[in-house]
Amino acid sequence: MKIFVKFFTILTISSLVFACTHDHQHPHHPGMNPTLYATLYQQQAAEYRALCYQAYNLADLYLAEALKNKYAKPLAIVTDIDETILDNSPYQAAAILGNFGYPTRWADWMNAADAWAIPGSVEFLKKAAEAGVTIFYISNRKEEFRQPTLQNLEKLGFPNVADQFLLLRQEGEGNEKESRRQKVAEQFEVVLLLGDNLDDFSGVFEVDDAGERMLQTDLNKASFGQKFIIVPNVVYGSWVNVLPGNQRGLPAEALADSLLKGLMPF
Ligand SMILES: [Mg+2]
């Protein structure tokens, strides 16, 4: 009997230790990873593809209108890179299957320079560049990934692939992009901004509160599909980071605390 009690005690303690040490990791089962559906949507849903085409068709329409106007400065488009024009879902898929999370192996993925093009992005930006619009890439990728980023963009046929058009996040700088946008605006009329994250459009969205982001979106609703062109990213971004109590890597159970139930009785 004594031996059974001892065995049971050891089993209970080891289960507790396992539970504590694995509290902030996804269980090693791809089906338990909270980003599985989001990643599948980006890779396998034709609806995702259609949304991307919709975004770039709207960009095309709005640019055609803008080109009819007269401006004092030459025209520019500011675009984000990741999940706006480059698709990093193969990295996300590897992370789910290998049970790791960002930033693990992100450098390997960057250096491979093998991200895919977001549907519609190359065609739109090439057409805009041919119409005389200068394309600026403003990304929070680090400087150390400059060369593979240029290589990846070049390989996919994007225009203006050169150092002076690629404004990356500098050492010691935060994620904010407003100062880099203002630098472009000193010499250019920025007619269009492309992004997957509201922070890609304006500093007013760079807030850490989900409710405030909603409010700012409502206040700026007339700009979406016009000067602000948003491409869907259901996998990651500020929208995930500001979820109440969320930290990157939390399990699905913790994310469920952010669900809104309305009047659904329980
Ligand atoms: Mg992005």
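Quick caveat, the model's predicted, so the values are computed rather than measured.

Q: Just to check I follow, could you spell out the overall build of the protein chain for this structure?
A: Helices and strands together make up the secondary structure of the protein chain, namely eleven helices and seven strands. Across the 266 residues of the protein chain, 39% fall into the buried class. A separation threshold of at least 6 residues defines the contact pool for the protein chain, and within that pool the share at least 24 residues apart is 76%. For the protein chain, the computed accessible surface area is about 15,500 Å², with 59% contributed by carbon and sulfur atoms.

Q: When you look at the sheet that holds strand β1 (residues 75-79) in this model, what are you seeing that I'm missing?
A: Strand order across the open sheet formed by five strands is β5-β4-β1-β6-β7, with parallel pairing between neighbours. Two strands bound the open sheet, and with one partner strand each, they are β5 (166-169) and β7 (228-230). Taking each pair of neighbouring strands and ignoring which way they run, the sheet shows an average axis angle of 20°. Here β1 pairs with strand β4 (residues 134-142) via four bridges, running parallel. Bridge assignment links alanine 76 to a residue of β4, and that residue is threonine 134. Contacts from helix α7 (residues 146-156) reach β4 and β5, with the element oriented near 140° to β5. Of the strands in this sheet, β1, β4, β5 and β6 (189-195) are in contact with helix α8 (residues 178-187), which crosses β4 at around 160°.

Q: Would you explain the coordination of the magnesium ion in this entry?
A: Of the protein atoms, only Asp80 (OD), Asp82 (O) and Asp196 (OD) coordinate the magnesium ion, at distances of 2.1 to 2.2 Å. A residue is classified by how much of its surface remains accessible, and aspartate 80, at 7% relative accessible area, is buried.

Q: Sorry if this is basic, but what is going on with the nonpolar core here?
A: The nonpolar side chains of soluble globular proteins are, as a tendency, buried together. By size, the foremost hydrophobic cluster in this structure holds 40 residues, and its most contacted members are Ile77 and Phe124. Counting residues per element, this core draws most heavily on helix α3 (residues 46-66), at seven residues. Leaving out residues up to four positions away in the same chain, isoleucine 77 has contacts with Leu63, Phe124, Leu125, Ala128, Val133, Thr134, Ile135, Phe136, Val191, Leu192 and Leu194. With 14 residues, the next largest nonpolar core counts Ala76, Phe136, Ile138 and Phe188 among its residues.

Q: I'm lost on unusual backbone geometry in this one. Help?
A: Leaving glycine out, the prevailing phi sign among residues is negative, and the prevailing peptide bond configuration is trans. Cis rather than trans, the peptide bond between tyrosine 102 and proline 103 has omega equal to 10°. You can see proline 103 is positioned in the loop between α4 (89-98) and α5 (106-112). A positive phi is found at glutamate 83, a non-glycine position, where the angle reads about 65°. Tracing the backbone shows glutamate 83 in the loop between β1 and β2 (86-87). A positive phi is found at arginine 105, a non-glycine position, where the angle reads about 60°. Topologically, arginine 105 is positioned in the loop between α4 and α5.

Q: When you look at the side chain of aspartate 196 in this model, what are you seeing that I'm missing?
A: Residue placement: aspartate 196 occurs in the loop between β6 and α9 (210-219). One buried charged residue, aspartate 196, remains without a salt bridge, the closest side chain of opposite sign being lysine 177 at 6.4 Å. A polar contact is formed between the side chain of aspartate 196 and the side chain of asparagine 233, at a distance of 2.9 Å. Contact partners of aspartate 196, with chain neighbours within four places excluded, come to Asp80, Asp82, Glu83, Thr84, Ile230, Val231 and Asn233.

Q: Help me out: how do you make sense of the packing of α3 against helix α6 (residues 121-130) in this one?
A: Helices that pack against each other are described as a pair by the angle of their axes relative to one another and the distance between those axes. Relative to each other, α3 and α6 sit at 15°, their axes nearing to 9 Å. When the interaxial angle is binned, α3 and α6 end up roughly parallel. Relative to α6, α3 is oriented so that their crossing is left-handed. Residue-level inspection shows Tyr56, Ala59, Asp60 and Leu63 of α3 in contact with α6, the latter providing Ser121, Phe124, Lys127 and Ala128. Of the residues that constitute the contact of α3 with α6, the class distribution is five nonpolar, one polar and two charged.

Q: How should I be thinking about the packing of aromatic side chains in this particular structure?
A: What describes a pair of aromatic rings is the distance from one ring centre to the other and the angle between the planes of the rings. Scanning all chains against the criterion turns up twelve aromatic pairs. The interplanar angle of 75° and the centroid separation of 6.3 Å between the aromatic rings of tyrosine 41 and tyrosine 48 together place this pair among those described as edge-to-face. Judged by its relative accessible area of 29%, tyrosine 41 falls in the partly exposed class. Plain terms: the ring middles of phenylalanine 205 and phenylalanine 224 are 6.2 Å apart, the flat faces sit at 50° to each other, and that makes the pair tilted. Within this pair, whereas phenylalanine 205 is found in the loop between β6 and α9, its partner phenylalanine 224 is found in the loop between α9 and β7, the two being separated by 19 residues in sequence.

Rules of the game
Just so you know, the residues in each chain are numbered from 1, in the order the chain's sequence is written. Only residues with pLDDT of at least 70 are given local features in this predicted model, and only at 80 or more are side-chain atom pairs given and counted; all residues enter the totals for whole chains, interfaces and linings. No hydrogens and no water enter the side-chain calculation; it runs on all heavy atoms of the structure. Here a helix means four or more residues in a row that DSSP labels H or I, a strand means two or more in a row labelled E, and each is numbered from the N terminus. Working definition: with a 1.4 Å probe on protein chains only, accessible area under 20% of the residue-type maximum means buried, over 50% means exposed, and in between means partly exposed. Here a residue-residue contact requires only that any non-hydrogen atoms of the pair lie within 4.5 Å. Under the convention used here, a 1.4 Å probe and the Shrake-Rupley method define accessible areas, while residue burial counts only the protein chains that appear. For two strands to be treated as a pair, DSSP must find no fewer than two bridges joining them. Angles shown run from 0 to 180 degrees and are taken between the N-to-C directions of axes, each axis being a line fitted to C-alpha atoms and, for helices, limited to the stretch in contact. Sites may look incomplete because water is not among the atoms; the donors themselves are N, O and S atoms within 2.8 Å of the metal, or within 3.2 Å for Na, K and Ca. Grouping buried Ala, Val, Leu, Ile, Met, Phe, Trp, Tyr and Cys residues that are joined through side-chain atoms within 4.5 Å yields what is termed a nonpolar core. Only four residue types enter the charge count, namely Lys and Arg as positive and Asp and Glu as negative; His and the chain termini do not. By definition, a salt bridge exists where a carboxyl oxygen of Asp or Glu is found within 4 Å of a side-chain nitrogen of Lys or Arg. N or O atoms within 3.5 Å of each other form a polar contact, as long as, within protein, one can give a hydrogen and the other can take it, and as long as residues adjacent in sequence are counted only when both atoms are side-chain atoms. Here is the rule for angles: anything less than 35 degrees is roughly parallel, anything more than 145 is roughly antiparallel, 65 through 115 is roughly perpendicular, and the remaining ranges are oblique. Definitions for this section: a left-handed crossing has its near helix turned counterclockwise from the far helix by less than a right angle. A right-handed crossing has that turn clockwise. Any residue outside Ala, Val, Leu, Ile, Met, Phe, Trp, Tyr, Cys, Pro, Asp, Glu, Lys and Arg is labelled polar, Gly included; the first ten of those are nonpolar and the last four are charged. Each pair of aromatic rings taken from Phe, Tyr and Trp, with Trp reduced to its six-membered ring, is defined by centres within 6.5 Å and is described as stacked if the planes are under 30 degrees apart, edge-to-face if over 60, and tilted in the remaining cases.

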